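Here's the letter readout for the chains.
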Amino acid sequence: MKYTQLGRTGLKVSRLVLGTMNFGPQTDEPTSHGILDTALDAGLNFVDTANVYGWGENKGRTEEIIGTWFAQGGGRREKTVLATKVYGSMSREGETWPNEDRLSALNIRRAVEASLKRLQTDHIDVYQFHHVDRRTPFEEIWQAVDVLIQQGKILYAGSSNFPGYKIAQANETAARRGMVGLVSEQCLYNLAERRAEMEVIPAAQEYGLGVIPWSPLHGGLLGGVIKKEAEGGRRTSGRSADALANSSVRAQVQAYEDLLDKHGLEPGEVGLAWLLTRPGVTGPIVGPRTAEQLDSALRALELELSEEVLAGLDEIFPGPGPSPEAFAW
């Protein structure tokens, strides 16, 4: 396993992040525990979740599955850098109640306590804001975070789905309070979706945040979908199906698969390996449903992409260019 620092912190994390969103909804508890064990045995120490995972009537279920895994002992919790998130409503359908979502000091306090209970741990290593809260000032958010750090319930704070200006606003506010501020940003970033390169990633680099890309294969679009369809594999659905309905996108994906076929490379592994070459990226989040999918993700760590392949990928999926030149002079 390869490790790096999380942004400007002293915290060492693996260059792959184990995403757990499928634990519960698609992957049962025993299989989820097996994936967690395999990941830890491989040295993957960074596990990401969120309080709302499990979804619907089962919100919190994913954290519970991780909690029962920690409870097995064997150093599982001690070896894991644990990240979870707060923002989404935890109310059940038909039971909506004020102050059970977003980033008020009250909800942050309640959400931390509930997550700690589900996760069966006394602290969260990286506590992430799942979305921007336009209604709550950062002064209030940092006041709540400062209390939780002093109590030892969280160690670091991170963001997810923040635009560049909100990263700047958050960290400038934290600096005025003498706080470390955000140490990571979890954003949508992959070969097919590179808009983060314009503002989000430069802001993260400027303020010393580690970048954690989610959906590194763009909902499966970069995982060899066209070839799998042709071979009679699982039918494309969701984001991939919607994207492939666009003829120009389909042509891009076909060119991508043809390029990698020429070099004898697996699309899913290349999509991850490309992200590992990008400036500012700590590690992409992989969300395996099975142990086999985790094995494929781990192989990406050993994959060295040639200059020819990297140039070909840039030609097929050109980035937006630097800001402000991408939209000005």
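Source: prediction; values computed, not measured.

Trainee: Explain the overall build of the protein to me, please; I cannot follow it from the model alone.
Mentor: The secondary structure content of the protein amounts to 13 helices and ten strands. For the protein, buried positions account for 51% of its 329 residues. Long-range pairs, those at least 24 residues apart, make up 77% of the contacts in the protein with a sequence separation of at least 6. Counting every atom, the protein has about 15100 Å² of accessible surface; 49% of that belongs to carbon and sulfur. Taking the average place of the 34 positive charges on the side chains of the protein and the average place of its 43 negative ones, the gap between the two points comes to 4 Å.

Trainee: What is the right way to look at the pattern of salt bridges in this model?
Mentor: Enumeration according to the criterion identifies 16 salt bridges in this entry. When the shortest N-O distance is used, the salt bridge between E113 and K153 registers 2.3 Å. With E113 in helix α4 (residues 105–119) and K153 in the loop between α5 (138–150) and β7 (154–160), this pair connects stretches of sequence that are 40 residues apart. For E113, a relative accessible area of 35% puts it in the partly exposed group. On the basis of relative accessible area, K153 is assigned to the partly exposed category, the value being 21%. Among the salt bridges present, the one from E229 reaches R250, with a minimum N-O distance of 3.4 Å. Of this pair, E229 sits in helix α8 (residues 225–230) while R250 sits in helix α10 (residues 247–262), placing them 21 residues apart in sequence. The class for E229 is partly exposed, based on a relative accessible area of 32%.

Trainee: Can you help me understand the environment of I149 in this one?
Mentor: Positionally, I149 belongs in helix α5. C-alpha separation for the pair I149 and S306, spaced 157 residues apart in sequence, amounts to 44 Å. Aside from chain neighbours lying at most four places away, what touches I149 is I154 and L155.

Trainee: Whenever I open this one, the nonpolar core confuses me. Can you help?
Mentor: Buried together is how nonpolar side chains tend to be arranged in soluble globular proteins. Grouped together as the largest cluster of nonpolar side chains are 73 residues, with contacts concentrated most on I108, F129, W142, Y256 and L313. Contact partners of F129, with chain neighbours within four places excluded, come to V86, L103, I108, I141, W142, V145, A157, G158, S159, S160, F162 and L182.

Trainee: Mind showing me how you'd approach helix α6 (residues 164–176) here?
Mentor: Compared with the 18 Å implied by 1.5 Å per residue over 13 residues, the 19 Å span of α6 between its first and last C-alpha is a close match. Of the residues making up α6, those classed as buried are G164, K166, I167, A170, N171, T173 and A174. Within two residues after α6, G178 carries a phi angle of roughly 75 degrees, on the positive side.

Trainee: Which parts of the structure should I look at to understand α10?
Mentor: Each α-helix winds once per 3.6 residues, and so residues spaced three or four apart point in a common direction. Across its 16 residues, α10 extends 22 Å between first and last C-alpha, which sits within 8% of the 22 Å expected from 1.5 Å per residue. Turning to α10, its buried residues are V249, V253, Y256, E257, L259 and L260. The buried residues of α10 all sit within an arc of 160 degrees when viewed along its axis, so they share a single face. Of the residues in α10, the exposed ones pointing more than 90 degrees away from the buried face are S247, D261 and K262. Of the surrounding secondary structure, the elements contacted by the buried residues of α10 are α8, α9 (238–244), α11 (267–276) and α13 (307–316).

Trainee: How should I be thinking about the sheet that holds strand β6 (residues 124–129) in this particular structure?
Mentor: In sheet architecture, strand pairing relies on hydrogen bonds along the backbone and comes in two forms, parallel and antiparallel. The strand order across the open sheet built from eight strands is β9-β8-β7-β6-β5-β4-β3-β10, with neighbouring strands paired in parallel fashion. Whereas interior strands pair on both sides, the edge strands pair on one side only; in this sheet they are β9 (210–214) and β10 (285–286). Note that strand β5 (residues 81–86) and β6 share four bridges and pair parallel. Following the sheet pairing, K85 is matched in β6 by Q128.

Trainee: Explanation requested: the pairing of β6 in the structure shown.
Mentor: The two faces of a sheet get side chains in turn, since along a regular strand they alternate between them. Most of β6 sits out of view: six of its six residues are buried. Read as a crossover between parallel neighbours, the route from β5 over α4 to β6 is right-handed. Handedness of the crossover joining β6 and β7 through α5 is recorded here as right-handed.

Trainee: What's the story with the packing of aromatic side chains in this structure? I'm lost.
Mentor: Any aromatic ring pair is given by two values, namely how distant the centres are and how the planes are angled relative to each other. Using the criterion set out here, one finds six aromatic pairs in the structure. In this structure, R77 packs its charged tip against the face of F70, placed 5.3 Å from the ring centre.

Trainee: Got a minute to help me understand the side chain of N45 in this structure?
Mentor: Position of N45 relative to the elements: it lies in the loop between α1 (29–41) and β4 (46–48). Taking relative accessible area as the criterion, N45 reaches 11% and is therefore assigned buried. Excluding residues within four positions of it along the chain, N45 makes contact with Y3, K12, V13, S14, K79, T80 and V81.

Trainee: Can you walk me through the packing of α4 against α5 in this structure?
Mentor: The packing of two helices is summarised by the inter-axis angle and the distance between the axes. Two elements in contact, α4 and α5, have axes whose closest approach is 9 Å; the angle formed by their N-to-C orientations is 30 degrees. Between α4 and α5 the crossing geometry is right-handed. Facing α4, whose interface residues are A105, I108 and V112, α5 presents E140, I141, Q143, A144 and L148. Looking at the contact of α4 with α5 residue by residue, the class counts come to six nonpolar, one polar and one charged.

Rules used in this analysis
- Throughout this description, residue numbers start from 1 for each chain and increase along the sequence as written.
- Thresholds applied to this predicted model are a pLDDT of at least 70 for local features of residues and 80 or more for the giving and counting of side-chain atom pairs; totals over whole chains, interfaces and linings are not thresholded and use all residues.
- Side-chain measures were taken over the full set of non-hydrogen atoms in the model, leaving aside hydrogen atoms and water.
- Strands are runs of DSSP state E lasting at least two residues, helices are runs of H or I lasting at least four, and both sets are numbered from the N terminus onward.
- Burial classification: accessible surface area is computed with a 1.4 Å probe over protein chains only, and a residue below 20% of its type maximum counts as buried, one above 50% as exposed, and the rest as partly exposed.
- Here, two residues are considered to be in contact whenever any of their heavy atoms come within 4.5 Å of each other.
- Note on areas: these come from Shrake-Rupley sampling with a 1.4 Å probe, and a residue is covered only by the protein chains present in the view.
- As used throughout, the charge tally considers Lys and Arg to be positive and Asp and Glu to be negative, leaving His and the chain termini uncounted.
- Taken as the charge centre is NZ of Lys, CZ of Arg, CG of Asp or CD of Glu, depending on the residue.
- Whenever Lys or Arg places a side-chain nitrogen within 4 Å of a carboxyl oxygen from Asp or Glu, that contact is recorded as a salt bridge.
- Residues enter a nonpolar core if they are buried and are Ala, Val, Leu, Ile, Met, Phe, Trp, Tyr or Cys, with the set joined through side-chain atoms within 4.5 Å.
- Each helix should span, by expectation, one fewer than its residue count multiplied by 1.5 Å.
- Directions are taken from the helix axis to each C-beta atom, and the arc is the one they span.
- Here the rule is simple: two strands pair whenever DSSP picks up at least two bridges between them.
- Whether a crossover is right-handed depends on one test, that the path from the first strand over the helix to the second runs clockwise when the strands point away from the viewer.
- Any two of the Phe, Tyr and Trp rings considered here, Trp counted by its six-membered ring, make a pair once their centres fall within 6.5 Å; the pair's planes then place it as stacked at under 30 degrees, edge-to-face at over 60, or tilted in between.
- Both a distance and an angle decide whether a charge sits over a ring: NZ of Lys or CZ of Arg must be within 6 Å of the ring centre and within 35 degrees of the ring normal.
- Only the stretch in contact is used when fitting a helix axis, every axis being a line fitted to C-alpha atoms; angles between N-to-C directions are given from 0 to 180 degrees.
- Two helices crossing with the near one rotated counterclockwise from the far one by less than a right angle form a left-handed crossing, whereas a clockwise rotation gives a right-handed crossing.
- Any residue outside Ala, Val, Leu, Ile, Met, Phe, Trp, Tyr, Cys, Pro, Asp, Glu, Lys and Arg is labelled polar, Gly included; the first ten of those are nonpolar and the last four are charged.

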